[in-house]
Amino acid sequence: MNEKNRVRVGIDVGGTFTKAVALDLKSGDILGKSTVLTTHTSEKGVSEGIITVLGNIMDSSKITFDSVELISHSTTQAINALLESDTFKVGIIAMGVGPTKKDVVKRTDLSDPKINSKKDLKTSHHFLDTSELISEKQVKQVVQELKNDGAKVIVATEAFGVDDPSNEIFVMNMASKLELPSTASHEISGIYGLEIRTLTAAVNASVLPKTVQVANYVENAITDFGVKAPLMIMKGDGGVTNMKTFRTKPILTILSGPAASVAGGLLHQRVTNGIFVEVGGTSTNISIIKNGKPEIRYVTINEHPTCIRSMDVRILGVAGGSMCQLKNNKIDKVGPRSAHIAGLKYSCYAEPEELKGGKIIFVKPKENDDEYVAIENNGKTFAITNTCAANAIDSIDQGDYAYANQESAKIALTILGEHLGMSFFEAANSIIQTASLTIIKTVSKILKEFKLSPQSTQIIGAGGGASVLVPFVSKQMGIKYAKCDNAEVISSIGVASSMLQEETEVSMIEPTPEKISQECKKIHNVLTERGATPESILINTEYLSDKAILRISATGNVELDSVTTSKSVFSQEESKMRCAEILKVNESLIDLIHETEHYFVFAGNIIKKKLFTKKKITPIVILDKFGRMKLSVKNGKIFSGEEQETKENVQQFLESRHNDIAPQVYLLTDLKLIDYSSLTSNSSIIDAIKQEFEESKKIAVIVEL
C-alpha cells in the first residue's frame with residue numbers, strides 16, 4: 001500500500017453486529033469492510049468483536065499500522081446499561097449555604113418520587129453547608145459514609161456551581177483519593193437549573209463504573225493489537241470525542257449508534273432533506289435530516305429529562321432479525337426480540353435440507369418473554385424473521401446485503417403458512433406488513449410533527465436490513481425512496497468520517513461581546529485538548545433569549561484534511577445546489593456573495609408577488625465546506641470588504657433605521673459564526689465588529705431585515 005495513503009477506521013458496535021470500514025481520506029474510497037456478531041457475552045465484552053473486525057479489514061486490504069491515522073467507534077454500552085437498569089448506586093453530595101438547605105435538598109434528593117418516578121436511579125444523599133470553607137476532613141467523612149451506604153460513584157452538585165465550581169472539584173478530588181469515580185454538575189452543563197443538572201449528572205454517574213471498564217478493555221485491546229493511532233468515540237450529536245470524555249461523560253454517547261448512521265448519510269451520502277431509516281438486526285432507528293443537518297433535541301432517558309442534546313432519533317423494536325408472535329392463528333406482532341437475542345440462526349441462512357420436514361415450535365428468547373415462532377428439525381432450531389419473509393417473496397435483489405437463500409426462506413414460510421392455513425406468500429406478506437406498520441406510524445408522526453409533505457419528502461434507507469422493510473414502507477406511503485450506497489456499513493462510514501464536535505450551553509443574562517468571545521475561546525481550548533488542530537476549529541454561537549442561554553458549538557479535526565482531496569468537502573457548485581434545495585428555488589436565482597477558507601455565503605434574488613405589488617427579498621444561507629447549513633435568514637443584508645469600509649457601512653445602515661434597538665445581527669469570520677441577538681444596542685454591535693476585526697481581517701456582517 002502506498003505510504004502516502006491516509007486511512008481512518010470506523011467501527012460501529014451495534015446490538016446485533018459489529019461493523020468496520022477503512023476509508024482512504026484522500027479518495028474517499030472504502031478500502032475494506034467487515035461484519036461480525038457483537039460479542040456481548042465475551043469475557044472482554046465488545047472489545048473482542050472490535051479486534052476481530054479490525055483484524056479482518058487490515059488483512060483483506062493490506063493496510064499497514066502506520067497508515068491508520070485515527071480509529072473511531074460508536075457504542076451501545078451507555079444506553080444499554082441505562083435501559084436495562086445495569087447501573088450503580090450514586091452518592092449525591094449537595095452543597096449550599098445553611099439557610100437554603102431545605103431548597104437545595106428538595107432539588108437534589110433524587111429519592112423524591114416526583115423527580116425519580118420509576119425509582120430506577122439508586123441514590124444516597126448528603127448535604128454539605130458551604131457557608132464556611134469546607135474541610136478535607138468533612139468531605140472525606142461524607143464520601144466514606146456514602147461509600148459505606150453502597151455508593152459506587154459520587155456526584156458533586158452545588159447551587160451556582162457553574163459560576164464557581166471549586167467546591168464541586170474539591171469533592172471530586174476527595175472521591176478520587178477514596179478510589180471512587182465521580183462527576184460534577186458543572187461538568188455536565190453550564191446552565192442554571194440545579195435539578196436538571198443534578199439529575200443529568202446522576203444518570204451519567206450511574207453508568208460510569210461500567211463505561212470506564214469498557215473503555216479500558218477497548219483501549220487495551222487496540223494497543224495490544226499494535227495500532228498506535230488515536231482512539232475516538234462517537235457522541236449522540238454526530239461528532240466524535242476522545243476516550244477521556246467517554247470515561248467521564250458516557251451520557252454524551254447516548255444514541256451514538258444511530259448518530260453514526262446519520263453522520264454517514266450526511267458526510268458520505270450527502271443527504272440534504274429526508275427521513276433517515278436505518279434497519280439493523282435488532283432495532284430500526286429513524287432520524288430527520290433537514291437542510292443538510294440532523295434535528296437535535298434534549299434527550300429523555302427512561303423518562304428522565306436531561307440537559308444533554310443529541311440527535312432526534314426514534315428507536316423501534318423491529319428490524320431485519322425480528323421474530324414474530326402469533327395470536328388467534330394470525331401474525332400478531334413482529335419484534336421486539338430478534339434472532340440474535342434468541343441465539344438462533346435465521347431460517348433463510350440455513351440449507352434447505354436443514355428445514356425440510358421441520359415443524360413450528362414456540363420459544364422464549366428470554367425467561368420472561370412472550371413466545372415467538374421458530375422451526376425445529378432434527379434437533380436444530382431456526383428463527384423466522386423479517387429477512388426470511390422478504391427473501392421468500394423475492395423482494396431482495398441478488399447482491400444486496402440482506403439477500404439470502406431464497407429456497408430456504410420459501411420452505412420456512414411454507415411451514416409457517418401451513419400452520420396458519422395460508423400460502424407461504426400470504427404468511428410472508430403478513431409478517432412484512434405487520435413489521436412495517438410500526439415504521440409507517442412513526443414516519444407519519446414525523447411528517448405531521450415537522451409539517452413535511454409526503455410528495456416532497458424522501459425516505460433514505462440504511463443498515464443491513466434496509467431492503468427488507470423500507471421499500472415496502474415507501475410504497476405504502478407513496479414517498480420517494482433512495483437507498484444509501486454501502487447501506488450495511490453506513491454507520492461505520494459515519495464514525496470514520498465524523499469530526500470532533502463539542503457543544504456547551506451557558507446561562508448569560510447580560511451578554512457582551514467580551515463574554516461571548518470568552519466562551520468561544522473556552523470551547524476552542526476544549527477541542528484542542530481533545531486533539532483538534534487549532535486551524536480546523538469552526539465555532540458557531542446561538543443566543544436563546546427566552547432561556548437567557550448562550551449555546552456554543554464547535555467542530556474540528558484531528559488533522560486538517562486537504563480541501564482539494566477530501567471526499568466530504570463540497571465544491572462551490574455543489575454548495576450552490578444544496579443552497580437551492582434549502583431555499584427551494586432555481587440555482588440561477590442564487591449568487592455567491594462571500595467566501596472564506598471554511599464557509600460559503602449565498603444570497604438569493606427573489607421577487608415575491610402580492611396582489612398588485614412586487615417585493616424583492618434576499619434570503620441568505622451560510623454553508624460550511626462540508627455542506628452543513630450554519631445559518632438561514634429569510635431576508636437580509638450582507639456587509640463585507642475592507643475593515644474601515646465594513647464598519648462604516650454597517651454603522652450608516654444602523655443609523656439610517658432611526659431605531660436605538662439593534663436588529664438581529666450575525667458576524668462571520670473564517671473560523672466563527674456569532675449570533676449577536678443578545679446585543680440590543682447599535683453601539684454594542686459596532687463595538688463587537690471592531691473587536692472581531694482585531695482578530696480577523698476577513699469579516700462578513702449579516703443583518704436580518
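Residues numbered from 1 in each chain as written. Predicted model: local features only at pLDDT ≥ 70, side-chain atom pairs only at ≥ 80, totals over all residues. Heavy atoms only, no water.

### As for the overall build of the protein
Here is step 1 of the chain: Summing up its helical and strand segments, the protein has 21 helices and 37 strands in all.
Here is step 2 of the chain: For the protein, the C-alpha radius of gyration of 27 Å lies close to 27 Å, the compact-globule estimate for 705 residues.
Here is step 3 of the chain: For the C-alpha atoms alone, the extent of the protein along its principal axes is close to 85 × 75 × 60 Å.
Here is step 4 of the chain: Residues classed as buried in the protein amount to 57% of the 705 residues present. (Helix = DSSP H or I, 4+ residues; strand = E, 2+ residues; numbered from the N terminus. Rg over C-alpha atoms; globule rule 2.2 N^0.38 Å. Buried < 20%, exposed > 50% of the residue type's maximum accessible area, 1.4 Å probe, protein only.)

### Some remarks on the packing of aromatic side chains
Here is step 1 of the chain: Tallied over the full model, the rule gives 6 aromatic pairs.
Here is step 2 of the chain: The ring of Tyr298 is capped by Arg309, whose NZ or CZ atom sits 5.7 Å from the centre of that ring.
Here is step 3 of the chain: In this structure, Lys625 is placed above the aromatic ring of Phe600, and the distance from its NZ or CZ to the ring centre is 4.5 Å. (Phe/Tyr/Trp six-rings, centres within 6.5 Å; stacked < 30°, edge-to-face > 60°. Lys NZ or Arg CZ within 6 Å of the ring centre and 35° of its normal.)

### Brief notes about the packing of helix 3 (residues 101-108) against helix 7 (residues 194-206)
Here is step 1 of the chain: The geometry of helix 3 relative to helix 7 is characterised by a closest axis approach of 8 Å and an angle of 45° between their N-to-C directions. Considering their axes alone, helix 3 and helix 7 lie oblique with respect to each other. Here the hand of the crossing between helix 3 and helix 7 comes out right-handed. Residues Val104, Arg107 and Thr108 of helix 3 form the contact with helix 7, whose participating residues are Leu194, Glu195 and Thr198.
Here is step 2 of the chain: Class assignment of the residues belonging to the contact of helix 3 with helix 7 gives a composition of 2 nonpolar, 2 polar and 2 charged. (Axes fitted to C-alpha atoms, helices over the stretch in contact; angles between N-to-C directions. Parallel < 35°, antiparallel > 145°, perpendicular 65-115°, else oblique. Left-handed = near helix turned anticlockwise from the far one by under 90°. Contact = heavy atoms within 4.5 Å. Nonpolar A, V, L, I, M, F, W, Y, C, P; charged D, E, K, R; others polar.)

### Structural notes on the sheet that holds strand 8 (residues 182-184)
Here is step 1 of the chain: If you walk across this open sheet you meet the 4 strands as 6-5-7-8, and the pairing is parallel. With one partner strand each, in any of the chains shown, strand 6 (123-129) and strand 8 form the two edges of the open sheet. Taken over all neighbouring pairs, the strand axes of this sheet differ in orientation by 20° on average, direction set aside.
Here is step 2 of the chain: Bridge count between strand 7 (residues 153-158) and strand 8: 3 bridges; the pairing is parallel. For Val155, the partnering residue across the bridge sits in strand 8 and is Thr183.
Here is step 3 of the chain: Packing of helix 5 (residues 166-177) onto the sheet brings it into contact with strand 5 (90-96), strand 7 and strand 8, and relative to strand 7 it is tilted by some 165°. (Pairing = 2+ DSSP bridges.)

### Notes on helix 20 (residues 643-656)
Here is step 1 of the chain: Between its first and last C-alpha atoms helix 20 spans 20 Å; for 14 residues at 1.5 Å apiece the expected length is 20 Å, and the two agree.
Here is step 2 of the chain: Of all the residues in helix 20, the buried ones are Thr646, Lys647, Val650, Phe653 and Leu654. The buried residues of helix 20 occupy one face: seen down the axis, they fall within an arc of 135°. Within helix 20, the exposed residues directed more than 90 degrees away from the buried face are Gln652 and Glu655.
Here is step 3 of the chain: Where helix 20 terminates, the next one or two residues include His658, which has phi positive at roughly 55°. (Expected span 1.5 Å × (residues − 1). Arc of directions from axis to C-beta.)

### Concerning empty space enclosed by the protein
Here is step 1 of the chain: Summed over the entire model, instances satisfying the criterion amount to 2 cavities of 30 Å³ or more.
Here is step 2 of the chain: The wall of the second largest cavity is formed by Leu82, Ser85, Thr87, Asp120, Leu121, Val203, Ile301, Asn302 and His304.
Here is step 3 of the chain: Class assignment of the residues belonging to the lining of the second largest cavity gives a composition of 4 nonpolar, 4 polar and 1 charged. (1 Å grid on protein atoms, 1.4 Å probe; cavity = no way out; pocket = protein on both sides within 12 Å on 5 of 7 lines; lining within 4 Å. Points joined across faces, edges and corners; volume = space filled by probe spheres on them.)

### What to know about the nonpolar core
Here is step 1 of the chain: In terms of nonpolar packing, the biggest core is built from 62 residues, with Leu413, Leu416, Ile431, Ile439 and Val443 touching the most fellow members.
Here is step 2 of the chain: For this core, the leading source of residues is helix 15 (residues 424-449), giving 10 residues.
Here is step 3 of the chain: Once residues within four sequence positions are removed from consideration, Leu413 is found in contact with Ile384, Cys388, Ala389, Ala392, Phe424, Ala427, Ala428 and Ile431.
Here is step 4 of the chain: Leu121, Val155, Ile254 and Leu266 belong to the second-largest nonpolar core, a separate cluster that totals 47 residues. (Core = buried A, V, L, I, M, F, W, Y, C linked by side-chain atoms within 4.5 Å.)

### Points about a nonpolar patch on the surface
Here is step 1 of the chain: Taken together, the side chains of Phe160, Tyr192 and Ile509 present a nonpolar region at the surface, about 350 Å² in accessible area.
Here is step 2 of the chain: For Tyr192, the position within the fold is in the loop between helix 6 (185-188) and helix 7. (Patch = residues over 30% accessible without salt bridge, like charges linked within 9 Å, V, L, I, M, F, W, Y side chains within 5 Å. Areas by Shrake-Rupley, 256 points an atom, 1.4 Å probe, with all protein chains shown as cover. Salt bridge = Lys/Arg side-chain N within 4 Å of Asp/Glu carboxyl O.)

### Here's the deal with the confidence of the model for the protein
Here is step 1 of the chain: Looking at the protein, the pLDDT average stands at 89 and 97% of residues meet or exceed 70.
Here is step 2 of the chain: Element-level mean pLDDT values for the protein span from 72 in helix 2 (residues 77-83) up to 97 in helix 13 (residues 386-392).
Here is step 3 of the chain: Segment residues 560-565: pLDDT under 50, and 11 contacts once partners within four positions in sequence are set aside and those in other chains are kept. (pLDDT = per-residue confidence, 0-100.)

### Side note on the layout of surface pockets
Here is step 1 of the chain: Reported here for the second largest pocket is a volume of approximately 1,400 Å³.
Here is step 2 of the chain: Lining the second largest pocket we find 45 residues, and of these His186, Glu187, Lys249, Thr504 and Val526 sit closest to its centre.
Here is step 3 of the chain: Elements represented by at least two residues in the lining of the second largest pocket include exactly helix 6, helix 8 (208-225), helix 9 (243-248), strand 15 (304-311), strand 25 (500-507) and helix 18 (513-529).
Here is step 4 of the chain: With 8 residues, the top contributor of residues to the lining of the second largest pocket is helix 18.
Here is step 5 of the chain: The class makeup of the residues in the lining of the second largest pocket is 18 nonpolar, 11 polar and 16 charged.

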